[in-house]
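Each chain, letter by letter, is given below.
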There are 2 protein chains.
Amino acid sequence: MDKKQKALFEARARIIKAMAHPTRLYIVDELSRSERCVAELTEMIGADTSTVSKHLSILKNAGLIKDEKRGTQVFYYLKTPCILNFFGCVESVLKSTAEENISLIESK
Amino acid sequence: MDKKQKALFEARARIIKAMAHPTRLYIVDELSRSERCVAELTEMIGADTSTVSKHLSILKNAGLIKDEKRGTQVFYYLKTPCILNFFGCVESVLKSTAEENISLIESK
DNA sequence: CAGATATTTGGCAATATAGCCAAACAGCCA
DNA sequence: TGGCTGTTTGGCTATATTGCCAAATATCTG
């Protein structure tokens, strides 16, 4: 693996890593329905505001979401809706694993 | 966010987390072309065999790849090729971020 | 069985991540 | 300006991840 190729995989991993957390997945999912301000997300998630704010900045730095300030509030929204394609596949992995577990139990 | 919903996002995050590493992305990419044994991947990646083996077991536990033993070798292959859909979107995030950076520079 | 090859596991040190609290900061309004 | 609301940042501790080495395990072959 040469240097250039390595850099590409590192760049890709940074983006995926940004989504590799339940709270951040939740945020992405929620923003796919509509934009939200920090306070709204904090309420839904049930963590400290500062924690949610940090998760948002991770998603933002990865280039997945954008923000817009309106008065004292900051609204966040999805930048690249294609992210949602991730979910379909993740779901099918979950499903296939679950099915295997079931057949393991049944054939016992 | 209720308990059930939380568990679902945690399950999804576990799968995404398994891919959130450059070496593991490389492995998935490589296995999308053909199955490979540990020694082959180790050679391509240029890390310790034990390191590669651990990465493989992370992918396997997440349900993304499967293995098959043949003699002393263990061959790994993709279990859910739809994972590759991830890459398309990751690429478009990378591209859009890059374009923004360029326009930032140009409008300076 | 002994030796060789391929892979996994245990253990450890370095580094990264998560979440909370407290404090700083920003914009609004009286 | 001073206080209020909403958000971000700094700092800390607890926990998780990474990657190497050494050792264990498995399979094949003479």
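Each remark here, short or long, concerns the structure printed above.
As the structure is a computational prediction, the values presented were derived from the model and not from experiment.

## Comments concerning the protein's contact with DNA strand C
Phase 1: In the neighbourhood of DNA strand C, 24 residues make up the surrounding shell, with H55 of chain A together with A39, S53, K54 and Y76 of chain B lying closest.
Phase 2: Sugar and phosphate atoms constitute 68% of the interface atoms of DNA strand C, taking the interface as everything within 4 Å of the protein.
Phase 3: For DNA strand C, a base nitrogen lies 2.9 Å from a polar atom in the side chain of K54 of chain A.
Phase 4: Every element with two or more residues in the surface near DNA strand C is listed here: α4 (49-61) of chain A together with α3 (38-45), α4 (49-61) and β3 (73-78) of chain B.
Phase 5: In terms of residue count, the dominant contributor to the surface near DNA strand C is α4 of chain A (five residues).

## With respect to the pattern of salt bridges
Phase 1: Inspection of every chain in the model, using the stated rule, returns 18 salt bridges over all chains.
Phase 2: Several salt bridges share partner residues, and in doing so they unite D29, E30, R33, R36 and E40 of chain A into one network.

## Here we look at the nonpolar core
Phase 1: One finds L64 and F86 of chain A together with L64 and F86 of chain B to be the most contacted residues of the largest nonpolar core, which totals 61 residues.
Phase 2: If we skip the residues at most four places from it in the chain, L64 of chain A touches I15, A18, M19, L59, L78, K79, T80 and I83 of chain A together with V93 of chain B.

## Here's the deal with the packing of aromatic side chains
Phase 1: Within the structure shown, the criterion is met by two aromatic pairs over all chains.
Phase 2: Relative to Y26 of chain B, the ring of F9 of chain A lies with its centre 5.4 Å away and its plane at 75°, an arrangement referred to as edge-to-face. Of this pair, F9 of chain A sits in helix α1 (residues 3-19) while Y26 of chain B sits in helix α2 (residues 22-31), which puts the two residues in different chains. Of the two residues, F9 of chain A and Y26 of chain B, both sit in the buried class.
Phase 3: For R70 of chain A, the ring lying beneath its charged end belongs to F75 of chain A, and the centroid distance is 4.4 Å.

## With respect to the sheet that holds strand β1 (residues 36-37) of chain B
Residues and elements named next belong to chain B.
Phase 1: With antiparallel pairing, three strands are arranged side by side in an open sheet as β1-β3-β2. In the strand order of this sheet, the two ends are held by β1 and β2 (65-70), each with one partner.
Phase 2: One ladder, built from six bridges, connects β2 with β3; its direction is antiparallel. Bridging from a neighbouring strand, K69 pairs with V74 of β3.

## Quick look at the protein's contact with DNA strand D
Phase 1: Contacts to DNA strand D come from 24 residues, most closely from A39, S53, K54 and Y76 of chain A together with H55 of chain B.
Phase 2: The sugar-phosphate backbone supplies 68% of the atoms of DNA strand D found within 4 Å of the protein.
Phase 3: For DNA strand D, a phosphate oxygen lies 3.3 Å from a polar atom in the backbone of V38 of chain A.
Phase 4: Side-chain polar atom of K69 of chain B to a sugar or linking oxygen of DNA strand D: 3.5 Å apart, as the coordinates give it.
Phase 5: Those elements giving two or more residues to the surface near DNA strand D turn out to be α3 (38-45), α4 and β3 (73-78) of chain A together with α4 of chain B.
Phase 6: Among the elements that make up the surface near DNA strand D, the one with the highest residue count is α4 of chain B (five residues).
Phase 7: Among the residues forming the surface near DNA strand D, the class breakdown is seven nonpolar, 11 polar and six charged.

## Considering α1 of chain A
Phase 1: For α1 of chain A, spanning 17 residues, the distance from its first C-alpha to its last is 25 Å, which sits close to the expected 24 Å at 1.5 Å a residue.
Phase 2: For α1 of chain A, every residue scored as buried is listed here: F9, A11, R12, A13, I15, I16, A18 and M19 of chain A.
Phase 3: Contacts made by the buried residues of α1 of chain A are with α2 (22-31), α4 and α5 (84-106) of chain A together with α1 (3-19), α2 and α5 (84-106) of chain B.
Phase 4: Residue D2 of chain A occupies the N-cap position of α1 of chain A, its side-chain oxygen lying 3.2 Å from the main-chain nitrogen of K4 of chain A.

## Some points on the sheet that holds β3 of chain A
Residue and element names in this part refer to chain A.
Phase 1: With antiparallel pairing, three strands are arranged side by side in an open sheet as β1-β3-β2. One side of each edge strand has no neighbouring strand; the edge strands of this open sheet are β1 (36-37) and β2 (65-70).
Phase 2: Against the sheet, α4 makes contact with β2 and β3, and its axis sits at roughly 120° relative to β2, the strand it touches most.

## Brief notes about the interface of chain B and chain A
Phase 1: Opposite the 37 residues of chain B that make contact, chain A presents 38 residues.
Phase 2: Both faces considered, chain B and chain A share a buried interface measuring about 3400 Å² in area, 76% of it formed by carbon and sulfur atoms.
Phase 3: It is M1, F9 and I16 of chain B that lose the most area in chain B upon contact with chain A, and together they represent 16% of the buried surface on that side.
Phase 4: Residues E100 of chain B and K79 of chain A are paired through a salt bridge, measuring 2.8 Å at the closest nitrogen-oxygen approach.
Phase 5: Across the contact surface, chain B and chain A share six residue pairs in polar contact (both at pLDDT 80 or more).
Phase 6: Only α1, α2 and α5 of chain B provide two or more residues apiece to the side of chain B that touches chain A.
Phase 7: By residue number, the principal contributor to the side of chain B that touches chain A is α1 of chain B, which donates 11 residues.
Phase 8: In terms of residue class, the side of chain B that touches chain A is built from 22 nonpolar, seven polar and eight charged.

Parameters and conventions
Residues numbered from 1 in each chain as written. Chains lettered and ligands numbered in written order. Predicted model: local features only at pLDDT ≥ 70, side-chain atom pairs only at ≥ 80, totals over all residues. Heavy atoms only, no water. Near = heavy atom within 4 Å. Polar contact = N/O pair within 3.5 Å; in protein donor to acceptor, adjacent residues only side chain to side chain. Helix = DSSP H or I, 4+ residues; strand = E, 2+ residues; numbered from the N terminus. Salt bridge = Lys/Arg side-chain N within 4 Å of Asp/Glu carboxyl O. Core = buried A, V, L, I, M, F, W, Y, C linked by side-chain atoms within 4.5 Å. Buried < 20%, exposed > 50% of the residue type's maximum accessible area, 1.4 Å probe, protein only. Contact = heavy atoms within 4.5 Å. Phe/Tyr/Trp six-rings, centres within 6.5 Å; stacked < 30°, edge-to-face > 60°. Lys NZ or Arg CZ within 6 Å of the ring centre and 35° of its normal. Pairing = 2+ DSSP bridges. Nonpolar A, V, L, I, M, F, W, Y, C, P; charged D, E, K, R; others polar. Expected span 1.5 Å × (residues − 1). Axes fitted to C-alpha atoms, helices over the stretch in contact; angles between N-to-C directions. Buried area = accessible area lost by both parts, 1.4 Å probe.

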